[in-house]
Every structure is written in structure tokens, then in C-alpha cells.
Amino acid sequence: MQKFWRVLKGLLLSKGNKEFLLFLSFLALSGVFWLFMTLNETYEREFSIPVTIANVPKNVVLTSDETDTVRMTIRDKGITLVTYMYGHGLRNIRINFSTYARNNGTGIISAAELQKLAYQQLANSSRITSVKPEKMEYYFNYGAKKRVPVRWSGRVIPDELYFISRVQYWPDSVDVYASTEKLDSITTMYTEQLNYANFRDTLFVNVHLSRSKGVKTVPDMVKVGFFTDVLTDEEIEGIPIQGINMPPGKVLRTFPSRVTVHFVAGASVYKNLTYEDFTVVADYKEMKASPSEKCRIYLKKAPPGISRARLSIDAVDYLIEEEQSGL
């Protein structure tokens, strides 16, 4: 160890190293001088300052955020701006609720009022040169709310051979607080835009509800589950053909009397289907308007959860007969 210190001392005391140490000393001194001169210059810098609504009465519900942000450009010497950036020179601006609240459920704070409150925590030498936005608003009511269902919005597309068999929400409804006029127009709360594609397994998403000025939702975030199923080509046989718009005493006979419907559905949907879930009709008014040996038939009703439903045939032979009276 003593040998190490002797070597180090020799290196430091050598002529070349003395000159290097002297250079470093002058470099450090010039750096300090430059920093001092720089911080003594006058600059402008924009600061984001939180604005908090304080002293809200217990019977009032804020329908906007309790805390917003105002951007102020402050002009002062660099050393003062540094204290604002890294010290505790700038704190939240607290707005007293009752000072600015109006009877129409809004409160408005002008840029001049925001500057006045900000100056209370600035150095005497500091000057505010700009304020954005030019005014701040907050919204409130006295507990008026409405329960509405939740629905997703955006683009959610599973893999090519899959489809979304059902969508579930947790919770499926939320409480909405807003002015009476806005509550009357709100029937559904939608999520923020979703963007998911090419998934196969069930997709769960935690998502915020879309925001609107003066509207508050409780909760403001929901969980959405997209349940997938495999697409398959299926068919249901034996669906009876029914006549519609038939005159009294007339009966429609078709040949064949039952048809098959083809469709695309998930396996879980298909296993619960029967022919009673479909309705196939022939319209007497159309037969009368365009007499022919065959009448057209239509798939009038199909259950939810299927797609591309189509009949195996679109026309059948038919007879119009008198209805047989009972004995």
C-alpha cells in the first residue's frame, strides 16, 4: 500500500501532471464562472401548474376534474427559474369553489385571476408573460344523476376463422352526473376507442369511458370481455313455410312444405338452435300481384349470433286452397 501511494505521489508531483492539474483547476473555475454568468441572465420558460378546486361543499358533485393544469410562461433570471423547476417555488394554485361558482352549474376563472394567485408564490422579480388557456372552467351539480348502460366503441376484429359471440361488461351500467339538459340526452356511455385485431382467445380489456365536458361517470373505467367462438358452416332442416297476408278462408300449400337454411355460426351457438328459431314466409300479396307457378319464399326471422343466413331454395310450387271448416 505504501508503495502505491509513493507511486501516486510521484505521478501527481511530476511536471507534466502538475500542468494537467493546473489545467483542470482553471477549467473547473471557468465552468463555475460560465454557469454563474448563465444563471444570471434573464430567460423565459413555460411551467405547467396544477389548479385545484378547493372547499367544495358536501352537497356538490364536481362533474369535471378536481385538478386541471394551467401553462404559464415566466420571465426571470436563470437562477430563479431553476428554483421553480427543481425546488418548491411553484405549488398548486388552489381555487376556492364558492368564489367563482355560478348558478348555472359552472365556475369560470379568468387568466387575470390565475395570474394574481400565481404571483402569490413567485419571487418579486418574476413576471408572467403568458397564460394558457385564457380561462379555466369547472362544472358541478347537486347530485343529479342517471344510470345508463355501457357499450364499447372502436375496432375489435378477431382472427379470420373466429367471431365475437358475446360481449360482457363489468359493470354493465354506470352513474352519470351532469346538468339536467345533458342527462336528458345521454342514453349510453361509450368507452374510449378500442383497437384490437387478430386474436383468438377471449379478450379482456380495462378501458376508460369517453370523456365529455361537464359529464362525470362513476366509475370512469370498466372491464370489457370479448368472447370468441369458431366460425363453421351449418344448416337447420325442416323449417315450415308460412303464408302471410292470406285472405280469410284461404290456406297456402307449398311443395315442399319445409326447407333448409344454411348459415355461419359458432359451435356454441349452433348446438342450441332448432328450426323454431327461424321463420320462412311466402307473401300472398306478391303471388296475387305476379301470378306464377312458383312463389318466392323469404327468411323473415333468424336468431342472433349467426351470419350469412340463406335458404336452400328461393321459390316453391304452391296452391291456394279453401280452408276446411271443422266438424
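Computed from a predicted model, the values in this text were never measured in an experiment. (Residues numbered from 1 in each chain as written. Predicted model: local features only at pLDDT ≥ 70, side-chain atom pairs only at ≥ 80, totals over all residues. Heavy atoms only, no water.)

**Q** Could you clarify how one ought to interpret the nonpolar core in this entry?
**A** Looking at soluble globular proteins, one finds that nonpolar side chains tend to be buried together. Membership of the largest hydrophobic core comes to 27 residues, with the highest contact counts inside it found for V70, M72, I74, I93, I95, L114 and Y138. Secondary structure elements with two or more residues in this core: β1 (42–54), β3 (67–77), α3 (78–86), β4 (93–96), α4 (97–100), α5 (111–119), β6 (127–132) and β7 (135–141). Not counting the four nearest positions on each side in its chain, Y138 is found in contact with I53, L62, S64, N96, F97, Y100, A101, G105, T106, G107 and I109. (Core = buried A, V, L, I, M, F, W, Y, C linked by side-chain atoms within 4.5 Å. Buried < 20%, exposed > 50% of the residue type's maximum accessible area, 1.4 Å probe, protein only. Helix = DSSP H or I, 4+ residues; strand = E, 2+ residues; numbered from the N terminus. Contact = heavy atoms within 4.5 Å.)

**Q** Help me out: how do you make sense of the sheet that holds β7 in this one?
**A** The antiparallel open sheet is built from three strands, whose spatial order is β2-β7-β5. Looking along the sheet, the strands with just one partner apiece sit at the ends: β2 (61–62) and β5 (106–110). Strand direction decides the pairing type here: β2 and β7, joined by two bridges, are antiparallel. In the sheet register, V61 faces β7, and the bridge partner there is N141. (Pairing = 2+ DSSP bridges.)

**Q** I'm lost on a positive patch on the surface in this one. Help?
**A** A cluster of basic residues, R102, K135, K182 and K213, forms a positive patch at the surface. Here K213 shows up in the loop between β12 (203–208) and β13 (216–218). Exposure remark for K213: the relative accessible area of 55% places this residue in the exposed category. (Patch = residues over 30% accessible without salt bridge, like charges linked within 9 Å, V, L, I, M, F, W, Y side chains within 5 Å. Areas by Shrake-Rupley, 256 points an atom, 1.4 Å probe, with all protein chains shown as cover. Salt bridge = Lys/Arg side-chain N within 4 Å of Asp/Glu carboxyl O. Lys, Arg positive; Asp, Glu negative; His and termini not counted. Charge placed at Lys NZ, Arg CZ, Asp CG, Glu CD.)

**Q** Honestly, the pattern of salt bridges in this entry has me stumped. Any pointers?
**A** Two side chains carrying opposite charge are able to pair once their charged atoms lie near each other. Summed over all chains, the structure comprises 11 salt bridges. Where E46 meets R71, a salt bridge forms, and the shortest distance between an N and an O atom there is 3.7 Å. Placement of the pair is E46 in strand β1 and R71 in strand β3, with a sequence separation of 25 residues. Of the charged contacts in the structure, one is a salt bridge between E322 and K250, with a shortest N-O distance of 2.5 Å. In this pair, E322 sits in strand β21 (residues 315–322) while K250 sits in strand β15 (residues 250–255), placing the two residues 72 residues apart along the sequence.

**Q** Could you clarify how one ought to interpret the confidence of the model for the chain in this entry?
**A** Do not read the fine detail of predicted coordinates wherever pLDDT is low. Of all residues in the chain, 86% have pLDDT values of 70 or greater, and the mean over the chain is 86. No element of the chain has a lower mean pLDDT than helix α1 (residues 2–13), at 54, and none a higher one than β12, at 97. (pLDDT = per-residue confidence, 0-100.)

**Q** What is the right way to look at the environment of P171 in this model?
**A** Summarising the element assignment, P171 is placed in the loop between β9 (162–170) and β10 (173–177). Residue class for P171 comes out partly exposed when judged on its relative accessible area of 29%. In sequence terms P171 and K223 are 52 residues apart; their C-alpha atoms lie 7.2 Å from each other. Once you skip the residues sitting within four places of it in the chain, P171 turns out to touch V150, P219 and V222.

**Q** What is the right way to read α5 from this model?
**A** Within α5, burial applies to A111, L114, L117 and A118. Buried residues of α5, viewed axially, fall in a sector of 125 degrees; they line one side. (Arc of directions from axis to C-beta.)

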